[in-house]
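# Chain and residue survey
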There are 2 protein chains.
Amino acid sequence: MATVATTQFADRLAEAVERKRSQLVVGLDPRPDLLPVELRGEAQEGREGAARACGRFCRGLVDAVAPYVVAVKPQVAFFEALGADGIAALEDACSYARAAGLQVIADGKRGDIGSTARAYAAAFIEGDAPLADALTVNPYLGRDSLEPYFAACRRDGAGIFCVVKTSNPGSADVQDLVLSDGRPVWQQVAELVAEWGAELVGEHGLSSVGAVVGATHPRAVGEARRLMPQAVLLLPGVGAQGATPADVARAFTSGPASALVNVSRDVIYAFRVAGVDWRSAAAAEASRYARDVWAVSGW
Amino acid sequence: MATVATTQFADRLAEAVERKRSQLVVGLDPRPDLLPVELRGEAQEGREGAARACGRFCRGLVDAVAPYVVAVKPQVAFFEALGADGIAALEDACSYARAAGLQVIADGKRGDIGSTARAYAAAFIEGDAPLADALTVNPYLGRDSLEPYFAACRRDGAGIFCVVKTSNPGSADVQDLVLSDGRPVWQQVAELVAEWGAELVGEHGLSSVGAVVGATHPRAVGEARRLMPQAVLLLPGVGAQGATPADVARAFTSGPASALVNVSRDVIYAFRVAGVDWRSAAAAEASRYARDVWAVSGW
């Protein structure tokens, strides 16, 4: 185990999961065209207004879901689509969530080499006051492209979630290509992730190098659990994309915090279906998902 | 061929290459710690100052290299590392370069699914006044994750460069895994890229769906050319990473604009070696690389 100055990410996560009895992560995917009525006017005042409205939406969501979730997962793309103002809103949302005691997983799926990878690590998870606690990353460029993130895990108590098997139908195009030994590419990537994360296993037996596995592939979730016994699995795809909490039950066999279920649209835009106050709707759905996931996790 | 309202990206590129007799792209990788002395003071005034200094550096570089290059390739990570101020500097650098008649290739290596991919397309290459002409993307998530970019190519004359085989040693970890038919993963990705780009071939016989292939693997460059005959190959790795213009000669067999050579550090930080004015040093190196590449291209 590496010596780190601060608590390791996986340990912070494990403590939060056990304290809150929740493995839920809520995705912050602010879209100006879908905001609640009370924010709609501001959202139409150009990019700056839209970014401000998205920022207020994120703060409101953090307040609403904080009791029920261990982390929020801002999707960087939605902020980038609003330019520099959007990034200011992202910075605000992240620091607000961290101040509320939540882990922040920046969903950027970054992947690049050398000094560029170091710049992404600096942008997201490095130093004394990082933007986020963890970052999602892409494995296609190989181990050395991820080394700067591993360094941030060792030194700054950061975490990463490496994309292994995604929830979309097109994930088959590359991830399911069959290797000479008969396994699909994603299973070899899973083994690499397990290997890369071995040096970053914390006191709860979980590594700060986690993996993204789509909940829409229940059999892959089980196989991923077997191939990466110490990785925290981040499972998107529950809710709007069709998977249910029951589909991910087998992800939790390595401990209560060994998997996190991310729900985005079903929580943050719940008001569009329920027709009630957006904060209350988000809180109600987060509470319901947290309870359902905890129940299937068997802890 | 798809009907598009504006000129296709591949055609704009082909015209610029033939007009300028250059296949050179200069990478804009501004790093506050490496800036010229005259910008160093400002660069030390917090993130805002650093972003301002980087913005001035990029503008100066655009002025210096514009006669010799067809495109600049801002590396998004270096701007993101400076937060919202950095993104404002990126926006400024991109619009300044486009006003100077250069194509702008945003090097973001983005890759995500569904509405997230649509948000990245909107952030970078969509609409009437996009940030950039083209974006680098990651193929690991499959075809449907790239569909929003293809739509921007069709509708807005945008381009993409899909990462196929990268220049770093670690590229072997996933890209060189051997498939059941004996080929490495990256060659299958190359075939997918050729297939995806077939509908976006312009009047010069080149597709607006290009590919990133590291110049540090000369044999792979030749093989990539064969597998993707109509793709514009974007070749990083020349200069500081060790490849020479001669290593990429075989990339140009599909036409003068069928490959672009990117040089970053060797041009933009040339002043650190040459000890002359940074603009003059960048101009001199860009001129030299453009001439050398044109010579080996055989056109």
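The structure presented is a predicted model; accordingly, all values stated were derived computationally and were not measured.

## Some details on the overall build of chain A
Along chain A, the regular secondary structure elements total 13 helices and eight strands. C-alpha atoms of chain A, sized along the principal axes, occupy 55 × 40 × 40 Å. Burial statistics for chain A: of 299 residues in total, 65% are counted as buried. Carbon and sulfur atoms make up 50% of the accessible area of chain A, which totals about 9900 Å². Taken together, the 29 basic and 35 acidic charged side chains of chain A have centroids lying 4 Å from each other.

## Notes on the state of the cysteines
All names here are of chain A. Applying the stated criterion across every chain yields a total of zero disulfides over all chains. Of all cysteine sulfurs, the one in Cys 58 lies closest to Cys 94, which takes part in no disulfide; the gap is 8.6 Å. The exposure class of Cys 94 is buried, given its relative accessible area of 1%.

## Some details on the packing of helix H6 (residues 114–124) of chain A against helix H7 (residues 143–156) of chain A
Geometry of a packed helix pair, given as the angle between the helix axes and the separation of the axes. Residue and element names in this part refer to chain A. Where H6 contacts H7, the two axes come as close as 8 Å, and the packing angle between them is 30°. Here H6 and H7 pass one another in a crossing that is right-handed. Within the contact between the two elements, H6 uses Gly 114, Ala 117, Arg 118, Tyr 120 and Ala 121 and H7 uses Ser 145, Pro 148 and Tyr 149. Residues that form the contact of H6 with H7 fall into these classes: five nonpolar, two polar and one charged.

## Digging into the sheet that holds strand E8 (residues 259–263) of chain A
Residue and element names in this part refer to chain A. Ordered by their spatial adjacency, eight strands build a closed barrel running E1-E2-E3-E4-E5-E6-E7-E8, and the pairing between neighbours is parallel. Strand-to-strand twist in this sheet, taken as the mean axis angle between neighbours without regard to direction, amounts to 30°. Where strand E7 (residues 231–235) lies against E8, three bridges are found, and the strand directions are parallel. Looking at the pairing, Leu 234 lines up with Leu 260 of E8. Its contacts with the sheet place helix H9 (residues 185–197) against strand E5 (159–165) and strand E6 (207–213), and it is angled at close to 160° to E5. Along the sheet face, helix H10 (residues 218–227) touches E5, E6 and E7 and points at about 165° away from the line of E7.

## Focus on the relation of the copies chain A and chain B
Rotating chain A by 180° about the axis while translating it 0.0 Å along that axis superimposes it on chain B, leaving an RMSD of 0.0 Å. Here the two chains are linked by the operation of a two-fold rotation axis.

## Overview of the packing of aromatic side chains
All names here are of chain A. The final tally for this structure, using the stated rule, is 10 aromatic pairs over all chains. One aromatic cluster is present, formed by Phe 57, Tyr 269, Phe 271 and Trp 278 through successive ring pairs. Over the ring of Tyr 289 we find Arg 288; its NZ or CZ atom is 4.8 Å from the centre of that ring.

## Let's talk about the sheet that holds strand E3 (residues 103–110) of chain B
Residue and element names in this part refer to chain B. Taken in spatial order, the eight strands close into a barrel running E1-E2-E3-E4-E5-E6-E7-E8, and their pairing is parallel. Recorded for the sheet is a direction-independent mean angle of 30° between the axes of neighbouring strands. Here strand E4 (residues 134–137) runs beside strand E5 (residues 159–165); their pairing, made up of four bridges, is parallel. Opposite Thr 136, over in E5, you have Phe 161 as the bridge partner.

## Topic: the interface of chain A and chain B
Facing the 56 residues of chain A at the interface are 56 residues of chain B. Here chain A and chain B share an interface that buries about 4300 Å² over both sides, 57% of which is from carbon and sulfur atoms. Applying the counting criterion to the chain A and chain B interface returns six salt bridges. Between Asp 112 of chain B and Lys 109 of chain A there is a salt bridge whose closest N-O contact spans 2.8 Å. One can count 25 residue pairs in polar contact (both at pLDDT 80 or more) joining chain A with chain B. Elements with a minimum of two residues in the side of chain A that touches chain B: helix H4 (76–80), helix H5 (83–99), strand E3 (103–110), H6, H7, E5, helix H8 (172–175) and H9 of chain A. Of the residues that constitute the side of chain A that touches chain B, the class distribution is 27 nonpolar, 18 polar and 11 charged.

## Points about the nonpolar core
Met 228 of chain A together with Met 228 of chain B are the most contacted members of the largest nonpolar core, which totals 244 residues. Among residues more than four places away in sequence, those in contact with Met 228 of chain A are Val 164, Ala 190, Val 193, Ala 194, Ala 211, Val 213 and Leu 233 of chain A.

## Section: unusual backbone geometry
The phi angle at Arg 21 of chain A is positive, at roughly 50°, despite the residue not being glycine. With respect to the helices, strands and loops of the structure, Arg 21 of chain A is situated in the loop between helix H1 (9–20) and strand E1 (24–28).

## A look at the confidence of the model for chain A
Detailed reading of the predicted model is not advised wherever pLDDT is low. Counting all residues, the mean pLDDT for chain A is 96, and 98% of those residues have values of 70 or more. In the model output, the complex is listed with pTM 0.97 alongside ipTM 0.96.

## Comments concerning the side chain of Gln 23 of chain B
All names here are of chain B. On the secondary structure map, Gln 23 appears in the loop between helix H1 (9–20) and strand E1 (24–28). There is a polar contact of 3.0 Å between the side chain of Gln 23 and the backbone oxygen of Pro 256. When sequence neighbours within four positions are dropped, the list of residues in contact with Gln 23 reads Val 17, Val 70, Phe 252, Pro 256, Ala 259, Leu 260, Val 261, Val 293, Trp 294 and Ser 297.

About the criteria used
- Residues numbered from 1 in each chain as written.
- Chains lettered and ligands numbered in written order.
- Predicted model: local features only at pLDDT ≥ 70, side-chain atom pairs only at ≥ 80, totals over all residues.
- Heavy atoms only, no water.
- Helix = DSSP H or I, 4+ residues; strand = E, 2+ residues; numbered from the N terminus.
- Buried < 20%, exposed > 50% of the residue type's maximum accessible area, 1.4 Å probe, protein only.
- Areas by Shrake-Rupley, 256 points an atom, 1.4 Å probe, with all protein chains shown as cover.
- Lys, Arg positive; Asp, Glu negative; His and termini not counted.
- Charge placed at Lys NZ, Arg CZ, Asp CG, Glu CD.
- Disulfide = S-S within 2.5 Å.
- Axes fitted to C-alpha atoms, helices over the stretch in contact; angles between N-to-C directions.
- Left-handed = near helix turned anticlockwise from the far one by under 90°.
- Contact = heavy atoms within 4.5 Å.
- Nonpolar A, V, L, I, M, F, W, Y, C, P; charged D, E, K, R; others polar.
- Pairing = 2+ DSSP bridges.
- Least-squares fit on C-alpha atoms with pLDDT ≥ 70 in both.
- Phe/Tyr/Trp six-rings, centres within 6.5 Å; stacked < 30°, edge-to-face > 60°.
- Lys NZ or Arg CZ within 6 Å of the ring centre and 35° of its normal.
- Buried area = accessible area lost by both parts, 1.4 Å probe.
- Salt bridge = Lys/Arg side-chain N within 4 Å of Asp/Glu carboxyl O.
- Polar contact = N/O pair within 3.5 Å; in protein donor to acceptor, adjacent residues only side chain to side chain.
- Core = buried A, V, L, I, M, F, W, Y, C linked by side-chain atoms within 4.5 Å.
- pLDDT = per-residue confidence, 0-100.

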